[in-house]
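# Report on the structure
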Amino acid sequence: MPRNENIILCGIGGQGTILASKLLAAAAMKRGMAVKTAETIGMAQRGGSVFSHIRLGDDVHAPLIAPGQADLIIAFEPAEAVRHLHMLKEGGCVVTSSHPIFPTSTLIGQSQYPVEEILDYLKNHVSNLTLVDSEQAAKDLGSARVLNVVLLGAAIRSGALSLNEDDILEAIHERVAERFHALNENALRYV
Amino acid sequence: MHTEFLMGNEAIALGALAAGVHLVAGYPGTPSTEVLETVAKRNPGTVHVEWSINEKAAMEVAAGAAYAGARTLVTMKQVGLNVASDPLMSLEYIGVKGGMVIMVADDPGPISSQTEQDTRTFAMFSKVPLFDPSSVQEAYTMIQEAFDFSEKYGTPVFFRATTRIDHGYEAIEVKDEAEYKKLPVEGFIKDSSRWVIFPRLSVINHAKIEQRNAALSDTLSDYAGNQILKGSGRKGIASHGINFTYVQEAMTEAVPLLRIATPFPFPERKAVEFMQDLDEVLCVEELDPVIERAMVYVCGKYGLKTRIRGKLTGDIAPSGENTIASVQAALDKYLGRAPKEAKQSDPLPPLPVRPPVLCAGCPHRASFYAVKRAMQGQKTIYCGDIGCYTLGNAQPLDMCDTCLCMGAGINIAQGVFHLEPDTKAFAFVGDSTFFASGITGTINAFYNQADMTLIVLDNSTTAMTGHQPHPGTGRTVMGQIVEKVKIESILKAIGLTTVEIVDPLDHKLAVETVKRVAAEPGVKAIIFRSPCVAITKPKAQSHVDSDRCIGCRRCIDQLGCPALILNGKKAAIDPSLCTGCTLCEQVCPVGAITGGDRDAQK
């Protein structure tokens, strides 16, 4: 029986998680894999915590992933990676931006964001961890809008994804306007 | 046929198109919105599609078309059904000629709603048959069957899906446009004995409905959507919708399964067949224990000894969204399986709370802040409403004292005033909500001599649900350019003498206007007009001169704009979020923030 693959994308509403999810799904479909996904759409998109669940493989009933069953978490923000870490399989892989984004609640003293503690927690609890300096990536690539593709590239490099660069590139070419193709290709190969 | 990767709501829309739908009407509401949007996008040119001003209007428009023999689809979220319930309750007594499907999106959790109401319960109350799909693929085929069913039995039918179906994606097989049904429409045939509801007709039709639904219980026992999956043992599981897939995920051996796709009329014969050799059945349901109650009833009616378990016996949580994990745990207990060992993990570090917030540069922030400043020190109540601006309740703005349902804030403000005349009562309502259900409340206030200030937050779109047009925008979902309905004209026509239109991003003017208007007697209105930042392109951005910034944090502590961040002890602005609205520039006591352009936001 072919192995199912469970992927979680998580971040903050507006960061581009939904497009990344669609790229993964499109690439998997090209490979002839069955795909089911579940998206956060609605109120949480206004700067709240959002997630997408992506399930690849034929032996899948529900679009949601059970806790402890994700092979890969792609996080657009480190605290969001920790928020979803209970979903990760033993020995699973995490690819995350290391750049913290502070919600207003932390600035006005309504919640805490201990950045070092959160990054350490990831380092201590994830064996296959890739930290992506997304601020540096944005400077190098000249755009902060392709973080989703940078992270997908890093996920391919981590070895936790059965899809390869060409699969994702093909999906990008079909979904993204041509004038952004070069930028996206650079983003995919950034890490 | 071809394969497409579709959201559940898109599949529902394509299913309706394949079924030859002639007219689609709805009102936006998460998680239902994409159904109507997809029909509009994929319209072969033959379908009338409209965002009606509210769900009641949508239901009535669709009923009219169905009277004429057209196939019609109405879309709404579950609380929208409350608004549309008046026409629906009567419509079931009258019936339809063309197939009429009422697509209602339920929201277990709730994730984006006020209530966890169950449309399956509404189906029983209104006597309207209901279809409840378990996957995106099934939603596509089932809605086509729902149209045929509606037409065959001359009744509107519910098509109910929950968030995980509506916003789940699957690659599914769909028909090409050439394969869509093309059905003729007979037209409206005058017959007052059929289309005019009078008590005499109601009593006759009520009897027919009861008879029909009793017969449908038997018919639906043979419907393929109500299925038994064979297994071994004397314990069975009954489920529905997305929960059926959670049960399948949580199964380790073949336990007898019953899946109910038409909870009303309940397929009794099918349930009896299922329970024949079972000692116990666990009903795995979300929202109300609809199947569970029906199974208990069937056991009583047919003298079965099967014990029915579920929400009523404490085996399934009585409220909230079910998950694979919660269903797994319930099945472990029910089937006597050893629960999966919980992974011992270290306690998590504190995580930042990240609720949804008003966007950076959102004009609602400026409107709320102006009212807050203007009314400082006075006894006030701020009645909020449904939309992005409900987020005005968050700290540090804290400008939403009540929120109930669409349009309620205007009337709640009056109630408070009548009992507490020394309270300055404010009602905040968005432009789309004003059209949907704010006008009657305003007339009520004017007629019944309330003293209140109506604040219309006019951002020229239905923002929260993804920027749908409405009567004030001058566009329709079909792309027509139409005469704009002006909110100020409506308010003046009601009789309000003070109707001010102010740019909320002009902070000083906004505060002065609120002070002046709120001091006047009677019902008066301020329209804060500034477009939603999500649909405008900012041309300039503000930045902080850190040499001038004194680190007083006034901008951060007063406004709570997500673009305002701290750099050490001083304020800074995240350029990826700032829209240059200039509100923080106007709030800064030392003029350390410059560079924005509030007119560039228009």
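Residues numbered from 1 in each chain as written. Chains lettered and ligands numbered in written order. Predicted model: local features only at pLDDT ≥ 70, side-chain atom pairs only at ≥ 80, totals over all residues. Heavy atoms only, no water.

Listed by partner, the interface residues are 48 residues for chain B and 51 residues for chain A. When the buried area of chain B at its contact with chain A is split by residue, B:F5, B:Y169 and B:R354 rank highest and sum to 18% of it. On inspection of chain B and its partner chain A, the count reaches 3 salt bridges. Where B:E249 meets A:R55, a salt bridge forms, and the shortest distance between an N and an O atom there is 2.8 Å. Joining chain B to chain A, the criterion identifies 17 residue pairs in polar contact (both at pLDDT 80 or more). Elements supplying a minimum of two residues to the side of chain B that touches chain A: β1 (2–7), β8 (168–174), α11 (241–250), α14 (324–335), α21 (554–559) and β20 (564–567) of chain B. When residues in the side of chain B that touches chain A are grouped by element, the largest group, 5 residues, is from α11(B). Its residues assigned to classes, the side of chain B that touches chain A comprises 30 nonpolar, 8 polar and 10 charged. Bridging between strand β2 (residues 35–39) of chain A and β8(B) involves 3 bridges; their strand directions are antiparallel. (Contact = heavy atoms within 4.5 Å. Buried area = accessible area lost by both parts, 1.4 Å probe. Salt bridge = Lys/Arg side-chain N within 4 Å of Asp/Glu carboxyl O. Polar contact = N/O pair within 3.5 Å; in protein donor to acceptor, adjacent residues only side chain to side chain. Helix = DSSP H or I, 4+ residues; strand = E, 2+ residues; numbered from the N terminus. Nonpolar A, V, L, I, M, F, W, Y, C, P; charged D, E, K, R; others polar. Pairing = 2+ DSSP bridges.)

For interface size, the figure often reported is the accessible area lost on association. Residue and element names in this part refer to chain B. By the assigned domains, chain B splits into domain 1 (2–220), domain 2 (227–335), domain 3 (363–534) and domain 4 (543–601). Centre-to-centre, using C-alpha coordinates, domain 3 lies 27 Å away from domain 4. At the boundary of domain 3 with domain 4, total buried surface from both sides reaches about 1,200 Å², with 57% on carbon and sulfur atoms. Broken down residue by residue, the surface that domain 3 buries against domain 4 is led by R365, Y369 and L505, which jointly contribute 47%. At the surface where domain 3 touches domain 4, the tally comes to 2 salt bridges. Salt-bridge contacts for D503 lead to R598; the nearest nitrogen and oxygen are separated by 3.5 Å. Where domain 3 meets domain 4, there are 4 residue pairs in polar contact (both at pLDDT 80 or more). The dominant element in the side of domain 3 that touches domain 4, judged by the number of residues it contributes, is helix α15 (residues 363–374), at 4 residues. Within the side of domain 3 that touches domain 4, the residues separate by chemical class into 7 nonpolar, 1 polar and 5 charged. (Domains from an automatic or database assignment.)

Glancing now at the pairing of β20(B). Residue and element names in this part refer to chain B. Two strands pair when backbone bridges link them, and β20 and strand β21 (residues 570–573) are joined in this way by 4 bridges, in the antiparallel orientation. Counterpart to N567 in the pairing with β21 is K570. Following β20, the chain reverses through 2 residues before pairing antiparallel with β21; G568 in that reversal takes a positive phi of roughly 70 degrees.

Here we take up the pattern of salt bridges. Residue and element names in this part refer to chain B. Under the criterion given, the structure shown has 47 salt bridges over all chains. Across the pair R164 and E321 runs a salt bridge whose closest N-O atoms are separated by 2.7 Å. Taken together, the positions of R164 in helix α8 (residues 163–166) and E321 in the loop between β13 (307–309) and α14 put the pair 157 residues apart, joining distant regions of the chain. For R164, a relative accessible area of 10% gives the class buried. Here E321 falls in the partly exposed class, since its relative accessible area comes to 24%. Note that K333 and D315 form a salt bridge whose closest N and O atoms lie 3.5 Å from each other. You can see K333 sitting in helix α14 and its partner D315 sitting in the loop between β13 and α14, a full 18 residues away along the chain. With a relative accessible area of 58%, K333 lands in the exposed category. By sharing partners, the salt bridges in this structure join D106, D118, R120, D132, R160 and E285 into a single network. (Buried < 20%, exposed > 50% of the residue type's maximum accessible area, 1.4 Å probe, protein only.)

All right, on to empty space enclosed by the protein then. Residues and elements named next belong to chain B. Applying the stated criterion to the full structure yields 5 cavities of 30 Å³ or more. As a volume, the largest cavity reaches approximately 140 Å³. Considering the residues around the largest cavity, the lining is formed by 17 residues, among which G361, C561, A563, C581 and C584 are closest to the centre. Among the residues forming the lining of the largest cavity, the class breakdown is 11 nonpolar, 5 polar and 1 charged. The volume enclosed by the second largest cavity comes to roughly 110 Å³. Here the residues of the lining of the second largest cavity are counted per class, giving 11 nonpolar, 2 polar and 1 charged. (1 Å grid on protein atoms, 1.4 Å probe; cavity = no way out; pocket = protein on both sides within 12 Å on 5 of 7 lines; lining within 4 Å. Points joined across faces, edges and corners; volume = space filled by probe spheres on them.)

All names here are of chain A. Residue placement: S134 occurs in helix α5 (residues 134–141). Taking the relative accessible area as the measure of exposure, S134 reaches 11% and is therefore buried. Sequence separation between S134 and A144 is 10 residues; the distance between their C-alpha atoms is 7.9 Å. The residues touching S134, leaving out its near neighbours within four places in the chain, are S97, H99 and L147.

Inside soluble globular proteins, nonpolar side chains tend to come together where they are buried. Formed by 76 residues in total, the largest nonpolar core has its most connected members in B:V371, B:F426, B:F428, B:L454, B:L491 and B:F528. Counting residues per element, this core draws most heavily on α15(B), which supplies 6 residues. Residues contacting B:F428, with those up to four places away along its chain left out, are B:F368, B:V371, B:Y382, B:C383, B:G384, B:D385, B:Y389, B:M399, B:I455 and B:L457. Listed in part, the 62 residues of the second largest apolar core include A:L64, B:L36, B:F149 and B:V157. (Core = buried A, V, L, I, M, F, W, Y, C linked by side-chain atoms within 4.5 Å.)

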